[in-house]
Amino acid sequence: MTSLSRSPGKHAPRAAASRALPLAALVVLALPGLLGDEFLLRFAAEVLLIGTAVMSLNLLIGSGGLVSLGHAAVFGVSAYTAAIVASQVDGNAVAIVLAGTMAGVAMAGLMALVSLRSSGLHFLVMTLVIGQMAWELAFRWRELTGGADGLRGFPKLALGDWYLDDALGLYALAALTALACWSLLRQTAAAPLGQALSGMRDQPLRMTALGYDLKRLRILAFILTGITTGAAGALYPFVNQYVGPNVVHWSMSAAFVIMAVLGSIRSLVGGYIGAALYLTIQTYLSSYTDRWQLIIGILFVTTVVFMPHGIVQKIRGGKTP
Amino acid sequence: MNDVGTDASAMPQEAAPILTLNGVGKSFGAVTVLQDIDLDVRRGETLGLIGPNGAGKTTLFNLIGGLHAPDTGRIRFRGGDLAPRSPAARARMGLVRTFQKSLVFPELSVQDNIAIAVRASQGTGYSLRRSAHVLARSHALSLIDTSPLKGRHAESVSGLSYGEQRIVDILIALAQKPLLLLLDEPTAGLADTEARTLLALVRRQHARISIVLISHDIDIVFQTCDRVAVLDLGKLLVVDAPRNVVEHPAARAAYLGQLSGIAS
Amino acid sequence: MSYYLVQSLNALSFSVLLLLTGLGLALVLNLMNFINLAHGSFFLLGGYVAIQWLASGAPWWLAFPAAFLLTAVIGLVLDRLAFARFYARPHLMQVLLTYGLSVVFADLMRWGFSADTLSPALPAILRGGVWIAGLPFPSYRLFLIGIGLLLALTLWYALDKTLWGAALRACVIDRDIVETLGLNARKIFSAGMALAAGLAGLGGALGAGMLSAYPGLDEEVLILALLVVVTGGLDNFKGTVACAVLLGFVTTFSRVWWPEFANFITLAIMAGVLVAYPDGLVTRGGRKA
């Protein structure tokens, strides 16, 4: 479990666990591959991709309360870009992921620039508005995005002659992407930039007095999250060969925030855990009852009231410092 | 109006002052906090800034540091006008300040608290490379080893006492390689010995930096400062060597005899 | 020319609804520093209540006070049961709590009132239209404008001229001082929450005749209310009024000129305002504490 700002080497057992983490991750990731069930593989792929987006959101929130209600727009814009580009490049996976990532960076960069002077509630509403602007386009620009129906019928992913249209291939790609994104953000947390971002959260006045440009830090945080969210978003349409405007809507952004908190904001892996929890409950419940949103809502409110620091924090034992 | 002492201090008269304030004034709404401040800080000197509560001392620091813009007047640092420069830019120019509270990073170790400042001065604060992180930490370590916190660099800052956190606070400021250091009540709440250690630490690190020191501890001010500026109700009453300030009638009136008991 | 007059009246009637909802949101934000994302739910509930009331045959003019009272009571209950201990918590926690509750309320309302779009059975006096400068204009919207002005004046009078209003204003300016003045902060907060919820419910009840009621309206109204409050400036009510009018006009006229992408244009304009005025269009100024 990598925290965004802990001093490296502070506690020997934790450091050892930290080093063993990538190995554990590989084992966990290999599991669904071994089980081989088609539905499970696609579901696991979705969890990994959404989890990556949530982990990226964690970085933003951990950089100073930048609670974005527009993060789904970054994810969704990348997804739509990937689906649209797919037809142009015959499913070339590399080109698609590249295009999606760039779209994610562009969208995140736009959000950064527009919200540069905002914080708190102002930031929340600013990101909400930008995200909804993206949704309006996705919902109404039929020629480009398919409108309310979304996009279907775009080519499947391909690497050269090798088609990744089976569930296992897709899952492998999603797992690789998730691992790469996680490594990137983990590296960031341990690097000067990560320390600066959590410094910005804890002592913005001091950071300024030290000579740090807080606006530049914010933009860097957004760009980083744009890369990881964009890469994950690029693969999202290929989970079910479909992408629709729902994935851009602010309610999806709110779901991301819920997943982030469920997993714990202070842990990178928490993003994946929160996504797994939320999506599992959602999938399981919606097949049993029409009132699944009610139940998820009640569950979530209960969590917020009794376990405000998230599940990972509870397991770690103790409150966030 | 202020009296600038004609007493030739022991300081050699160096080149232009490192900081110059001309006619600086600041109001917040209907309240005038500072009026017509003319002040020089000479290179290498320690200038004490004293005055009753509400006199405007911290506001003056906020103006110099760039948190607020003055309504009137100009502030020059090393000859250049500070007006267009943001607080972060001023810090990067070597104009470093501390705050009344110790603003330390609670989740980091002592070493990492200072490393953040080291990286700021080295320009590697935004790097994604761990090597820059490692380099900064070793610089921080050598700084810590010169302080009472030697050997405790790995401890979490949140577990330190008030006085120890103050030391970390000062070390952070020193790690920025300041040319002008603005210390806002650095020894408040500290025991006498702790206070002296702190100030000795500053002096030892940078024998030639210029310091402006706000303090309510008159003893400390008069023992460590080359000159003392007295601020009262937003106006500068006198800027002179300590022994002259003690004699100054307006300063005595403002501080109501607090100065009178001090041997010059 | 007369077309623009009619559209301006349309805009004004929408502004009334935005003002009522926005004021409630601004009230809890300023009074208790509480972000309530369930505010839209109160609006929608008020709409459903008015529709049920008007369909039941009871005196039509009581529909609106009834909606106000019901939502105010619910607001009070929520304050006691859930919100109060979150007033001191960080905003993120408040966002999570109230968003979660809004999801719960939305589904409960979908369950209770169905997913259909419902419209109120308006009394004869409010149905139909009048002729304004040669163009037809719904009487209901004139009614809205009239009521809106009346309510705004009443609220202004209550806030400005009564002791209770003075206490409320004092609390808004300095929360901590309130206790030292011997006022019971808890009671004032509860009253504030109830009033805010009631205002939203009233807005929804009045709005049902113009917007109808359907699942999803709560979300749409929430966004609008947030915009009104944030662009207006968080620490004063004048800004809320100004922005309710602004948003009403922007929404209406973008529908007139670019019907297909009206929402996109509205959001873009409001985003521009947000960027240009990070502290709000109208601020109180002075030294920030």
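None of the values given here were measured: they were computed from a predicted structure.

> Which residues make up the interface of chain B and chain A, and what are the values?
Listed as interface residues are 29 residues of chain B and, on the opposing side, 27 residues of chain A. Elements supplying a minimum of two residues to the side of chain B that touches chain A: helix H2 (87-92), helix H3 (110-122) and helix H4 (130-144) of chain B. At five residues, the largest contribution of residues to the side of chain B that touches chain A is made by H3 of chain B. Across the side of chain B that touches chain A, the residue classes tally to 14 nonpolar, eight polar and seven charged.

> Before we move on, could you go through the interface of chain C and chain A and cite the residues and values that matter?
The interface is formed by 31 residues belonging to chain C together with 32 residues belonging to chain A. At the level of elements, helix H4 (91-113), helix H9 (217-232) and helix H11 (262-276) of chain C are the ones that each hand at least two residues to the side of chain C that touches chain A. Here the residues of the side of chain C that touches chain A sort into 26 nonpolar, three polar and two charged.

> Tell me what's going on with the sheet that holds strand E5 (residues 72-77) of chain B, and back it up with residues and numbers.
Residues and elements named next belong to chain B. Strand order in the open sheet made by the four strands is E3-E2-E5-E6, with antiparallel pairing throughout. In the strand order of this sheet, the two ends are held by strand E3 (31-41) and strand E6 (80-81), each with one partner. The pairing of E5 with E6 spans two bridges and is classified as antiparallel. Paired with Arg-76 across the two strands is Asp-81, which belongs to E6.

> Describe the environment of Pro-178 of chain B, with residues and values.
Residues and elements named next belong to chain B. Along the chain, the position of Pro-178 falls in the loop between helix H5 (162-175) and strand E8 (180-184). C-beta crowding within 10 Å serves as the criterion here: with 22 such atoms nearby, Pro-178 is assigned to the buried category. Once the C-alpha coordinates of Pro-178 and Ile-220 are considered, the two residues, 42 residues apart in sequence, prove to be 22 Å apart. In contact with Pro-178, other than residues within four places in its own chain, are Gly-94, Val-96, Ala-173 and Ile-209.

> How would you sum up H9 of chain C? Please name residues and give values.
Residue and element names in this part refer to chain C. Counted at 1.5 Å a residue, the expected span for H9 with its 16 residues is 22 Å, and the 22 Å between its end C-alpha atoms agrees. Counting buried positions along H9 yields 14 of 16 residues, so the element is predominantly enclosed. Two residues or fewer after H9 comes Gly-233, characterised by a positive phi angle close to 105°.

> Hey, could you go over the pairing of E5 of chain B for me, with residue numbers and the actual values?
Residues and elements named next belong to chain B. Here strand E2 (residues 19-28) pairs with E5 via five bridges, running antiparallel. Each bridged residue has a counterpart across the sheet, and for Thr-20 the counterpart in E5 is Arg-76. Where E5 folds back on E6, the antiparallel hairpin that results is connected by two residues, among which Arg-78 adopts a positive phi of roughly 50°.

Parameters and conventions
- Residues numbered from 1 in each chain as written.
- Chains lettered and ligands numbered in written order.
- Predicted model: local features only at pLDDT ≥ 70, side-chain atom pairs only at ≥ 80, totals over all residues.
- Contact = placed C-beta atoms within 7 Å.
- Helix = DSSP H or I, 4+ residues; strand = E, 2+ residues; numbered from the N terminus.
- Nonpolar A, V, L, I, M, F, W, Y, C, P; charged D, E, K, R; others polar.
- Pairing = 2+ DSSP bridges.
- Buried ≥ 20, exposed ≤ 12 C-beta atoms within 10 Å, placed from the backbone.
- Expected span 1.5 Å × (residues − 1).

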